[in-house]
Amino acid sequence: MSDFSPAPELAPWQRTAAGAGLLADDGRIAATIFAEMSALALRTGAINLGQGFPDEDGPAEVLEAARQAIADGINQYPPGIGLPVLREAIARHQHRFYGVDVDAASEVLVTAGATEALAATLLAFVDTGDEVVTFEPYYDAYAALIARAGGVHRTVPLHFPDWRPDPDELRAAVTDRTRLIIVNSPHNPTGVVFDDEILELVVELATRHDAIIVTDEVYEHLTFGVAHRPIATLPGAWERTVSISSGGKTFSTTGWKIGWLTAPAPLVTAVLAVKQYLTYVNGAPFQPAIAVGLELPDAFFSEAAAALARKRDVLVGGLTAAGFAVSTPQAGYFVIADASPLGVDDGAAFCRELPERAGVVGVPVSAFVHGDRHDVYRSLVRFAFCKRLPVLEEASARLRRLG
Ligand SMILES: *Cc1c(COP(=O)(O)O)cnc(C)c1O
């Protein structure tokens, strides 16, 4: 996206957004592959395993708490940093699961989803020309937000099928020009959970080059037999780390957009300074509801992960039987499958045909990498398995027709 060069006929006010890859060269909003694929799914009646949202509601207590909050009149602007009940629940959650003590009054900030936390963090810390390091493939919003903040996006490749970064490539990417290192573990789109050696190296490099670590942990509870270790818990990390999460994925409430970050107070203050002029606040009645979710017993969290692991197994089995080479994810909502054993060379073209050929929608992994790296990830396709088991069974049966 950042290597997109705007066409000269654009007006000056369009060029800025175009330079960040947000506008196409005809001045329209740049169509994302997700919108294109969802439209295809609608038109063809295909099963949409493109976008990652659950097709079932989350815990009844959480939904009921939101209804109750509306009835109780929690419908006006909450405090800019979030309702105390949610900030305290986040602090207790960090202690319960990770043994981290954060001050609910100064080290927690509630945001409009993890997305706003990311946007406000990037706008707070990145100056024009500062470098931001992410792994690649990456969650697509990173590239757009880095570009719009004026940053330069450097990436460290992850390789199919185990997705472990090469420590030397990570060392080479981080320099004194690096302002932020964005870590996303558990990782979207690959489903990898980074091991301690990689996390320790990130902390070591960030410390050596005085960079801030931003960690996107929205899949923290959705791991399959692998422990999630927040990077902020590593020695030396807390003081330079902004940890971001969200209720959307954990509680199947992606439309509520209740996210948060935890960080040392000076970092929280810098992000809040930006956030107060973005959304200011959001989702008042959803905040106490997500607080209820965060206080649910351990069994809820382990059962949610176990249920998702069963879904993963069904789709991994279906893709394997259909002839794909599959990288089994350790966490999250997605699986990446290599379509080259099926004779596929161009994943994007394959994804455009797949609804007609098999009645299933996936997204090419090239949507999550820079344009000049499309070739490396060419034949890879991402499928979401956060759907009901019968839907995944039907999708698997349909995919077998490809063989
Ligand atoms: C879904 C997702 C987000 C966005 O979270 P919201 O709370 O909906 O804003 C951020 N990062 C990753 C890796 C995601 O998969």
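Scroll up to find the structure this text is about.
Notes on the structure in this doc start here. Note that the coordinates shown come from a computational prediction; the quantities given were computed from them, not determined experimentally.

Considerations on the pattern of salt bridges
- Going through the model one piece at a time under the given rule, you end up with 21 salt bridges.
- Between Arg164 and Asp195 there is a salt bridge, and its shortest N-O distance comes to 2.7 Å. In this pair, Arg164 sits in the loop between β4 (152–157) and α7 (167–173) while Asp195 sits in the loop between β5 (178–183) and α8 (196–208), placing the two residues 31 residues apart along the sequence.
- Judged by relative accessible area, which is 28%, Arg164 ranks as partly exposed.
- Its salt-bridge partner being Asp375, residue Arg378 comes within 3.1 Å of it at the nearest N-O pair.
- One network of salt bridges, with partners in common, ties together Glu131, Arg154 and Arg177.

Quick notes on the packing of aromatic side chains
- Scanning the model with the defined rule gives 16 aromatic pairs in all.
- With centroids separated by 6.3 Å and ring planes inclined at 70°, the aromatic side chains of Tyr333 and Phe334 adopt a geometry described as edge-to-face.
- The ring of Phe334 has Arg382 lying over it, and the distance from NZ or CZ to the ring centre is 3.5 Å.
- Directly above the ring of Phe53 sits Lys387, whose terminal nitrogen or CZ lies 3.7 Å from the centroid.

Quick notes on helix α6 (residues 140–148)
- Buried residues dominate α6, accounting for seven of its nine residues.
- Of all the positions in α6, only Asp140, Ala141, Tyr142, Ala143, Ala144, Ile146 and Ala147 are classed as buried.
- Considering only its buried residues, α6 is in contact with α2 (33–44), α5 (113–125), β3 (131–136), β4, β5 and β6 (212–216).
- Count one or two residues on from α6 and you reach Gly150, which has phi positive near 90°.

Definitions and limits used
- Residues numbered from 1 in each chain as written.
- Predicted model: local features only at pLDDT ≥ 70, side-chain atom pairs only at ≥ 80, totals over all residues.
- Heavy atoms only, no water.
- Salt bridge = Lys/Arg side-chain N within 4 Å of Asp/Glu carboxyl O.
- Helix = DSSP H or I, 4+ residues; strand = E, 2+ residues; numbered from the N terminus.
- Buried < 20%, exposed > 50% of the residue type's maximum accessible area, 1.4 Å probe, protein only.
- Phe/Tyr/Trp six-rings, centres within 6.5 Å; stacked < 30°, edge-to-face > 60°.
- Lys NZ or Arg CZ within 6 Å of the ring centre and 35° of its normal.
- Contact = heavy atoms within 4.5 Å.

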